[in-house]
Amino acid sequence: MKKRLTKWLKLLLPLCLSLLLMTGCGSGDALDLSGLKGEGGYAWPGLAWGSSPEEVSEQLGMTLENPQILYSKTDETLSEELYAVEDISFEGEKWRGEYQFSDGRLFNVDYVLITSPEKAEKLYDKIAAELEKQYGSPDEQTDDRKPQDNGKTLDWHEKDWIASGPDGETKLWIARWQLDGDQNASISFGVICPQG
C-alpha cells in the first residue's frame with residue numbers, strides 16, 4: 001500500500017507543479033491587462049472586433065448563452081445583444097464579463113464588479129495605475145458628481161485611453177461609480193470599438 005502511494009505521489013507531484021507554473025503559480029486570475037493594444041488599436045487579446053457570438057464563444061473556449069436584448073433609446077429597430085459570463089477571477093474577486101454585439105458583431109468587452117465603496121476605490125486605483133504603467137497617461141479623465149432624476153448624486157470617475165486602427169477609433173477604459181447613500185459601488189473596465 002505504501003509503495004503504491006509513493007508511486008502515485010511521484011507521478012502526480014510533477015504534474016501538479018507544472019500546472020501551477022502554467023497558471024501563474026495559483027494566482028487564479030483569468031484576466032491579463034497586458035497586450036490590450038496592438039496595430040489595430042485596443043482590443044481584448046484573442047477576441048477580434050466584429051466577431052459573431054459563436055466566434056467569440058470559440059475564441060473564449062466557453063459558450064455564450066441567453067443574451068439580454070438592449071434596445072436603442074432613439075431607434076427601437078436597433079438592438080444590441082449582451083452576453084454575460086459570471087465569476088471571472090481577477091484581483092481576488094469574481095467579476096462579471098460582458099460581451100456586447102450590434103448586428104451580430106462584437107463591439108464591446110467589459111468586466112464589472114459590484115462591491116463596497118472602499119474596495120471599488122482601491123481596485124480602481126490599482127488597475128488604473130497598472131494601465132497607466134503599460135499604456136501611458138490616459139487621453140481623457142473624468143472625476144464628476146452628476147445629479148440624477150431620483151434626487152441622488154452619481155459620483156463618477158473614469159480614465160480613457162484612445163487609439164486609432166483599421167476598424168476606427170478604439171478605447172480602453174476604467175470607471176468607478178456610486179450613487180449617494182448606496183451601500184455598494186461599481187467598478188468596470190474594458191475595451192470598445194464602436195464600428196466593431
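Anyway, here's the lowdown on the structure attached to this text. As the structure is a computational prediction, the values presented were derived from the model and not from experiment.

### Here we look at the overall build of the protein chain
Point 1. In terms of regular secondary structure, the protein chain is built from three helices and ten strands.
Point 2. Along the protein chain, helices and strands appear, N-terminal first, in the series α-β-β-α-β-β-β-β-α-β-β-β-β.
Point 3. Per-residue burial for the protein chain yields a buried fraction of 36% across its 196 residues.
Point 4. Residue pairs at least 24 apart in sequence account for 49% of intrachain contacts in the protein chain once pairs closer than 6 positions are excluded.
Point 5. Of the accessible surface of the protein chain, which amounts to about 12,200 Å², a share of 51% is contributed by carbon and sulfur atoms.

### So, the environment of Leu 172
Point 1. The residue Leu 172 is located in strand 9 (residues 168–179) in this model.
Point 2. Overall, Leu 172 belongs to the buried group, its relative accessible area being 0%.
Point 3. Leu 172 sits 129 residues away from Ala 43 along the chain, and the two C-alpha atoms are 7.9 Å apart.

### Quick notes on the pairing of strand 10 (residues 185–192)
Point 1. Of all eight residues making up strand 10, seven are buried, and the element is well covered by its neighbours.
Point 2. Relative to strand 10, strand 6 (residues 105–115) runs antiparallel, the two sharing eight bridges. The residue of strand 10 that forms the bridge with Asp 110 is Gly 190.
Point 3. Here seven bridges tie strand 9 to strand 10, and the two strands are oriented antiparallel to one another. Considered in strand 10, the bridge of Leu 172 is made with Val 191.
Point 4. The hairpin turn running from strand 9 into strand 10, its antiparallel successor, is five residues long, and Gly 181 in that turn takes a positive phi close to 85 degrees.

### Comments concerning the packing of aromatic side chains
Point 1. Tallying each qualifying case throughout the model produces ten aromatic pairs.
Point 2. Ring centres of Tyr 42 and Tyr 135 lie 5.8 Å apart, and the angle between their planes is 80 degrees; on these two criteria the pair is classed as edge-to-face. Of this pair, Tyr 42 sits in strand 2 (residues 41–42) while Tyr 135 sits in helix 3 (residues 117–135), and the two are 93 residues apart along the sequence. Neither residue differs from the other here; Tyr 42 and Tyr 135 are each classed as buried.
Point 3. Taking 5.5 Å as the distance between ring centres and 50 degrees as the angle between the ring planes, the aromatic pair formed by Phe 90 and Phe 189 counts as tilted.

### Comments concerning the environment of Pro 53
Point 1. In this structure, Pro 53 sits in helix 2 (residues 53–60).
Point 2. Pro 53 gets classed as buried once you look at its relative accessible area, which sits at 9%.
Point 3. Separated by 48 residues in the primary sequence, Pro 53 and Phe 101 place their C-alpha atoms 7.6 Å from one another.
Point 4. Beyond its immediate stretch of four places on either side in the chain, Pro 53 contacts Leu 64, Glu 81, Tyr 83, Phe 101 and Gly 104.

### Comments concerning the environment of Gln 134
Point 1. Summarising the element assignment, Gln 134 is placed in helix 3.
Point 2. Distance in space between the C-alpha atoms of Gln 134 and Ser 34 is 7.2 Å, their sequence separation being 100 residues.

Procedures and definitions
Residues numbered from 1 in each chain as written. Predicted model: local features only at pLDDT ≥ 70, side-chain atom pairs only at ≥ 80, totals over all residues. Heavy atoms only, no water. Helix = DSSP H or I, 4+ residues; strand = E, 2+ residues; numbered from the N terminus. Buried < 20%, exposed > 50% of the residue type's maximum accessible area, 1.4 Å probe, protein only. Contact = heavy atoms within 4.5 Å. Areas by Shrake-Rupley, 256 points an atom, 1.4 Å probe, with all protein chains shown as cover. Pairing = 2+ DSSP bridges. Phe/Tyr/Trp six-rings, centres within 6.5 Å; stacked < 30°, edge-to-face > 60°.

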